[in-house]
Amino acid sequence: MGSQNVKLLSFLLSPIGHRVEWALKLKGVDYEYIEEDIFNKSNLLLKLNPVHKKVPVLVHNQKPIAESLIILEYIDQTWKQYPLLSQHPYQRALARFWGTVADKIAKTSWVAMCCSGDEQENNVKEAREVMDKIEEEIKGKKFFGGDNIGYLDLAFGWIPYWLPVWEEVGSMQIVDPLRHSAISAWITNFLTHPVIKDSLPPRDKMLVYSHRRKAEFSSTPRG
Amino acid sequence: MAKEYGEVQLFGVGGSPYARRVRIALEMKGVQYTYFEEDLRNKSDLLLKYNPVHKKVPVLVHNGKPLAESLVILEYIDDTWGNHPILPQQPYDRALAQFWSRFIDDKCLPAITKAAFTANKEERDNSAEESLEALQFLENELKHKFFGGETIGLVDIAAGFIAFWLPAIEEAVGLKLLSCEKFPKLHKWGQEFTNHPVVKENLPPRDKLVGFFKARYASITASK
């Protein structure tokens, strides 16, 4: 129905872009994928997302939508199969709240990877404290969405696959398998899901990219 | 009457734009609620219990179930009480409303705050530049009386900071960002918004706000 005119502008290594790809794949929506070189932003990106100039951008029937969690909600409302969010207002609100936490902690973990010394330690501490809360949220559940992957699993989708790379590059630990056993079990469930496991970027490229960004971060003067 | 809504409690601080957003939405929909003023230097046990992740206000508690993050709370209110909708029904228009309200919180407000309350002049100037760019995006986006059309919507409520808090900041620190020459539509919108019957009743006293910002500015510039 709507699948004829769906385009996704994204970056292969982006965990945020992958949220959108996973959502489209889970719902069986056909789309055209357009790779963006984020080091050399295209005119198309600047036209589709003039405000933030960032990927991912979903274009449906020529109308662009930016911000991955907003895109997920749009996808969920437009293609009703495989619902990602609960119909219940409170559950939806909780998912949205934890979605904002997922974004915040992804950024904290990324910054922790990029910096060092006390600054890294503070960021790691903050991320770990939130991981403890996330552990409570996932206890006793196969996925955050219940029996199936949902909005919040996608929002946290950077944890199973990107975070270990960041931990390696940053020589740090944020998820502790002993302390975060429920998260660790969820990680396995997530990575072995048929749609997810076939939609992950190459790890070696992720390592190279992360090292590059870490080096740039250290060399950029910050105020 | 109260049975329709269940028990609704709101924890906030009087001067904060975020708690005011929630109050505006509840009052627009005629929802009865109890308001609790928090002392942020001495957070109540209830607040720590209801928002263990961020320990911040506002927090809405509906029939014992807590929610934090003002934009999340606004959407919940809209999902729960259907009268006077603040979000559009159409998925694309909804997505735009969510986009612009996030833009206000993630880009606008931080830039404006930094433009006013940073000791370093170069940083202040850079943030002022960023603020003007952000305001320009909003100016371009405003096509009707309100962002929500003929009535107030999510984006208007989120942008309340620009209508009321920003002018107070400007007065307190001697900054000029929202000029009517540069942003005629936004300037006019600000007046319409603050004169809206529900909003009018839900703004903190201006002189107190200016005083608060003056004190904040003084403490930042003194610690150079």
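Here's what I pulled together on the structure shown here.

Reading guide: rules and limits
- Residues numbered from 1 in each chain as written.
- Chains lettered and ligands numbered in written order.
- Predicted model: local features only at pLDDT ≥ 70, side-chain atom pairs only at ≥ 80, totals over all residues.
- Heavy atoms only, no water.
- Helix = DSSP H or I, 4+ residues; strand = E, 2+ residues; numbered from the N terminus.
- Rg over C-alpha atoms; globule rule 2.2 N^0.38 Å.
- Buried < 20%, exposed > 50% of the residue type's maximum accessible area, 1.4 Å probe, protein only.
- Contact = heavy atoms within 4.5 Å.
- Lys, Arg positive; Asp, Glu negative; His and termini not counted.
- Charge placed at Lys NZ, Arg CZ, Asp CG, Glu CD.
- Pairing = 2+ DSSP bridges.
- Axes fitted to C-alpha atoms, helices over the stretch in contact; angles between N-to-C directions.
- Phe/Tyr/Trp six-rings, centres within 6.5 Å; stacked < 30°, edge-to-face > 60°.
- Lys NZ or Arg CZ within 6 Å of the ring centre and 35° of its normal.
- Buried area = accessible area lost by both parts, 1.4 Å probe.
- Salt bridge = Lys/Arg side-chain N within 4 Å of Asp/Glu carboxyl O.
- Polar contact = N/O pair within 3.5 Å; in protein donor to acceptor, adjacent residues only side chain to side chain.

### Side note on the overall build of chain A
Then, number 1: Summing up its helical and strand segments, chain A has eleven helices and four strands in all.
Then, number 2: Computed over the C-alpha atoms, the radius of gyration of chain A is 17 Å, within 12% of the 17 Å expected from 2.2 N^0.38 for a compact globule of 223 residues.
Then, number 3: The burial tally for chain A puts 54% of its 223 residues in the buried class.
Then, number 4: Within chain A, counting contacts between residues at least 6 apart in sequence, those at least 24 apart form 72% of the total.
Then, number 5: Computing the positive centroid from 28 side-chain charges and the negative centroid from 27, chain A places the two 4 Å apart.

### So, the sheet that holds strand E2 (residues 32–35) of chain A
Residue and element names in this part refer to chain A.
Then, number 1: Pairing within the open sheet is mixed, and its four strands lie in the order E2-E1-E3-E4. The open sheet terminates on both sides in strands that have one partner only, identified here as E2 and strand E4 (63–66). Adjacent strand axes in the sheet meet at a mean angle of 20°, parallel and antiparallel pairs treated alike.
Then, number 2: As paired elements, strand E1 (residues 6–10) and E2 share four bridges and run parallel to each other. For leucine 8, the partnering residue across the bridge sits in E2 and is tyrosine 33.
Then, number 3: Each of E1, E2 and strand E3 (57–60) touches helix H1 (residues 15–26); the most contacted strand, E1, lies at about 155° to it.

### Concerning the environment of Tyr92(B)
Then, number 1: Position of Tyr92(B) relative to the elements: it lies in helix H5 (residues 91–116).
Then, number 2: Since its relative accessible area comes to 15%, Tyr92(B) is described here as buried.
Then, number 3: With residues up to four places along the chain from it excluded, the contact list for Tyr92(B) reads Lys63(A), Pro64(A), Ile65(A) and Tyr74(A).

### Examining the packing of aromatic side chains
Then, number 1: One pass over the full model with this rule turns up 25 aromatic pairs over all chains.
Then, number 2: Ring geometry for Phe144(A) versus Trp186(A): centroids 5.1 Å apart, planes at 75°, classification edge-to-face. Taken together, the positions of Phe144(A) in the loop between helix H5 (117–138) and helix H6 (151–155) and Trp186(A) in helix H9 (residues 181–192) put the pair 42 residues apart, joining distant regions of the chain.
Then, number 3: Residue class for Phe144(A) comes out buried when judged on its relative accessible area of 10%.
Then, number 4: On the accessibility criterion, Trp186(A) (1% relative accessible area) is buried.
Then, number 5: Here the aromatic residues Trp22(A), Phe144(A), Phe156(A), Tyr161(A), Trp162(A), Trp186(A) and Phe190(A) are joined through ring pairs into a cluster of three or more.
Then, number 6: When the ring centre of Phe39(A) is taken as origin, the NZ or CZ atom of Arg212(A), which lies over that ring, is 3.6 Å away.
Then, number 7: We note Arg216(B) situated over the ring of Phe117(B); from NZ or CZ to the ring centre the distance is 4.3 Å.

### Points about the interface of chain B and chain A
Then, number 1: Contact residues are listed per partner, giving 26 residues for chain B and 28 residues for chain A.
Then, number 2: The largest per-residue losses of area from chain B upon contact with chain A belong to Val53(B), Tyr92(B) and Phe99(B), which jointly make up 25% of the total buried on that side.
Then, number 3: Along the contact surface separating chain B from chain A lie three salt bridges.
Then, number 4: On the surface where chain B and chain A come into contact, there are six residue pairs in polar contact (both at pLDDT 80 or more).
Then, number 5: Of all the secondary-structure elements, those providing two or more residues to the side of chain B that touches chain A are strand E4 (65–68), helix H4 (70–80), H5 and helix H6 (121–141) of chain B.

### Brief notes about helix H8 (residues 163–170) of chain A
Residues and elements named next belong to chain A.
Then, number 1: Among the eight residues in H8, six count as buried, and that is most of the element.
Then, number 2: Along H8, the residues classified as buried are Leu163, Val165, Trp166, Glu167, Val169 and Gly170.
Then, number 3: Of the surrounding elements, those touching the buried residues of H8 are H1, helix H4 (89–114), H5, helix H7 (158–161) and helix H11 (203–219).
Then, number 4: Immediately downstream of H8, the backbone of serine 171 shows phi near 45°, a positive value.

### Topic: the side chain of Asn202(B)
Residue and element names in this part refer to chain B.
Then, number 1: With respect to the secondary-structure elements, asparagine 202 resides in the loop between helix H10 (197–200) and helix H11 (206–222).
Then, number 2: Given the relative accessible area of 2%, asparagine 202 is considered buried.
Then, number 3: With residues up to four places along the chain from it excluded, the contact list for asparagine 202 reads Arg20, Arg23, Ile24 and Glu27.

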